[in-house]
Amino acid sequence: MTASLNNQVALITGASRGLGRAIALRLAAAGVSLILSARHRAALEQVAEAARALSGEPVVIAPLDVTDADQIDHVVEGAIAQFGRIDILINNAGLSWYKPLPEWSRDEILTVVNVNLTGLMLMTHAVVPHMIRQQGGQIVNIASDIGRRVVPNMAPYVAAKHGVVGFSGSLLREVKAHGVKVSVVLPGIIDTYFGGGEAGTRDETWALRPEAVAETVHTVLTQPPYVVLDEVTVHPLKQDF
C-alpha cells in the first residue's frame, strides 16, 4: 500500500528546468504544495504556472543560490512561516563541466563542489531540525550513478556525488528514529540541459526522460511509513555502464 502525498509541503531546489521541473510537476499532480527554488525567477515562474495548472494546492517561488547560507535560511524560514512545516525536501540543484582536471579553473572546481555537495548539506542542515520537531519528513537527494562509480574528465563532480551518497547514508542513521527518511536517487544519463546538453535531443533508450526519474522520486516518497528506499539507481536500458 502506497502513502498519499496529498496536502504535504515540498521544497525543491534546482526547480527551474530539467529534472527539477519534472519533479515539481509530478508532485503537483499528487496534490503537494510546492516551494520552488533556483537562481532564475522567470524560469521558476513558468514552472510554477505549469504546476498550478495540475494542482489546486499552493505553489510559490523562492529564488535561491544554494551556495549562499543566508539565502537558504531565508527560504526555509519563509516556507515555515507560510506553511508551518516542510514535509519533503528535494535536493536537486546541480551542475558540472566535462573536461580533464588541468582544464578546470579553481573557481569551477569550487562551484561544482559547492552547488552539488556543500549547498545540499547546508539546505538539509536548515530543514532537518524542523522535520525532527514535527517527527516526520522525507529528504531525497539527487546524486548520480557516478556517486557509486568513477568516470574520467569529471573528477570534481564525481567527488561531490560520492559525497552526496555518503552524506545521505550517514544522515539517515541519525534521523530515522525521529520519523525522518533520507533517500538518495542515482540516475544514469538524463535527457536534460545538464553539462551543456540540449534537452529533447537524445533517444530515450540511452538517456532517461526527466519524467521517468521524477516518477522514481514519487515512488520513493510514497512508500509506507515503515519503509525507506535509502538508495535507488535508475538507468536507461542502453546506457553503456
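Before reading further, recall that the structure is shown in the block above.
Comments concerning the pairing of strand β6 (residues 180-187)
Burial runs high along β6: 8 of the 8 residues are buried. Neither face of β6 is open: one carries Val180, Val182, Val184 and Leu186, the other Lys181, Ser183, Val185 and Pro187, and all of them are buried. Both strand β5 (residues 137-142) and β6 contribute to a ladder of 6 bridges, which runs parallel. Across the sheet, residue isoleucine 142 finds its bridge partner in β6, namely valine 185.

Looking at helix α2 (residues 41-54)
Taking 1.5 Å of rise per residue, the 14 residues of α2 would be expected to cover 20 Å, and the 20 Å separating its terminal C-alpha atoms lies within 8% of that figure. The complete set of buried residues in α2 reads Leu44, Val47, Ala48 and Ala51. Seen along its axis, α2 keeps its buried residues to an arc of 105 degrees; they face one direction. Residues of α2 that are exposed and point more than 90 degrees away from the buried face comprise Ala42, Gln46, Glu49 and Ala53. Tucked into the core, α2 has its buried residues touching α1 (18-29), β2 (33-36) and β3 (59-61).

Focus: the side chain of asparagine 91
Assignment of secondary structure puts asparagine 91 in strand β4 (residues 88-91). Here asparagine 91 falls in the buried class, since its relative accessible area comes to 2%. Among the polar contacts listed, one links the side chain of asparagine 91 to the side chain of threonine 124, at a separation of 2.9 Å. Contact partners of asparagine 91, with chain neighbours within four places excluded, come to Thr13, Leu120, Met123, Thr124, Ile139, Val140, Asn141 and Ile142.

The rules behind the values
- Residues numbered from 1 in each chain as written.
- Predicted model: local features only at pLDDT ≥ 70, side-chain atom pairs only at ≥ 80, totals over all residues.
- Heavy atoms only, no water.
- Buried < 20%, exposed > 50% of the residue type's maximum accessible area, 1.4 Å probe, protein only.
- Helix = DSSP H or I, 4+ residues; strand = E, 2+ residues; numbered from the N terminus.
- Pairing = 2+ DSSP bridges.
- Expected span 1.5 Å × (residues − 1).
- Arc of directions from axis to C-beta.
- Contact = heavy atoms within 4.5 Å.
- Polar contact = N/O pair within 3.5 Å; in protein donor to acceptor, adjacent residues only side chain to side chain.

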